[in-house]
Amino acid sequence: MRTIASPRAALVISVDTDAPGDWPTSDGAPEGNLGHALGWTVEVRRNDIVLLNPLGEGLVKVAVPELDTAWLENVRHDGSCAVFLAPANAESGFAELTLSSAASVGDIPAATVRAAITDDFGAKPQVGRNQPCPCGSGKKFKHCHG
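The rules behind these values
- Residues numbered from 1 in each chain as written.
- Predicted model: local features only at pLDDT ≥ 70, side-chain atom pairs only at ≥ 80, totals over all residues.
- Heavy atoms only, no water.
- Helix = DSSP H or I, 4+ residues; strand = E, 2+ residues; numbered from the N terminus.
- Buried < 20%, exposed > 50% of the residue type's maximum accessible area, 1.4 Å probe, protein only.
- Contact = heavy atoms within 4.5 Å.
- Areas by Shrake-Rupley, 256 points an atom, 1.4 Å probe, with all protein chains shown as cover.
- Disulfide = S-S within 2.5 Å.
- pLDDT = per-residue confidence, 0-100.

> Report on the overall build of the protein chain, specifying residues and quantitative values.
Along the protein chain, the regular secondary structure elements total two helices and seven strands. Overall, the protein chain shows an N-to-C arrangement of helices and strands of β-β-β-β-α-β-β-α-β. For the protein chain, buried positions account for 34% of its 146 residues. Taking the intrachain contacts of the protein chain between residues at least 6 apart in sequence as the baseline, contacts between residues at least 24 apart amount to 70%. Roughly 8,600 Å² of accessible area belongs to the protein chain as shown, and the carbon and sulfur atoms make up 49% of that amount.

Shown next, in the form of structure tokens:
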């Protein structure tokens, strides 16, 4: 039987929907004692983070916050991440945390899931010729830096 290593990285995501029925509850569990949500995946994309169910449908989509290098390295190394689904009205909002600090958030749905950082993470979107120049000049891109 293959076991999945406990992740060192965690995400707390504010959601306005009910958590999936197959997610365990953190209940202040010590590091490494979260259950694995089989088939679920979290993807860190260019502009957002998406939590996908086993059918590939996105349950939650949120804007990517600033993610520090250590957090990204942990996710790349482990291939998994602990995801805590906090109610949308929670003060903490969406943040990157260590697993132990996320577990202290309280009795919220949490599980480890497979995690992937896509190739386009952090890539700047292409600027169209007729869009405003990103330098802030107010000119069209083609007449400024294009």
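Anyway, onward from the coordinates.
> Tell me about the state of the cysteines, and name the residues and values.
One pass over the structure, following the stated rule, counts zero disulfides. In this structure C135 is not part of a disulfide, and its nearest cysteine sulfur, from C133, lies 3.5 Å away. Judged by relative accessible area, C135 falls into the partly exposed class, the value being 45%.

> Account for the confidence of the model for the protein chain, naming residues and giving values.
Confidence in the prediction of the protein chain, expressed as mean pLDDT, is 75, and 73% of residues score 70 or more. Mean pLDDT per element in the protein chain: strand 6 (residues 95-98) is the minimum at 53, and strand 3 (residues 48-52) is the maximum at 89. This stretch, residues 28-32, has a pLDDT under 50; its non-local contacts, to residues over four places away or in other chains, come to seven contacts.

> Account for the environment of D16, naming residues and giving values.
Relative to the assigned elements, D16 resides in the loop between strand 1 (9-15) and strand 2 (36-44). Residue classification places D16 among the exposed positions, given a relative accessible area of 71%. Distance in space between the C-alpha atoms of D16 and P87 is 6.2 Å, their sequence separation being 71 residues.

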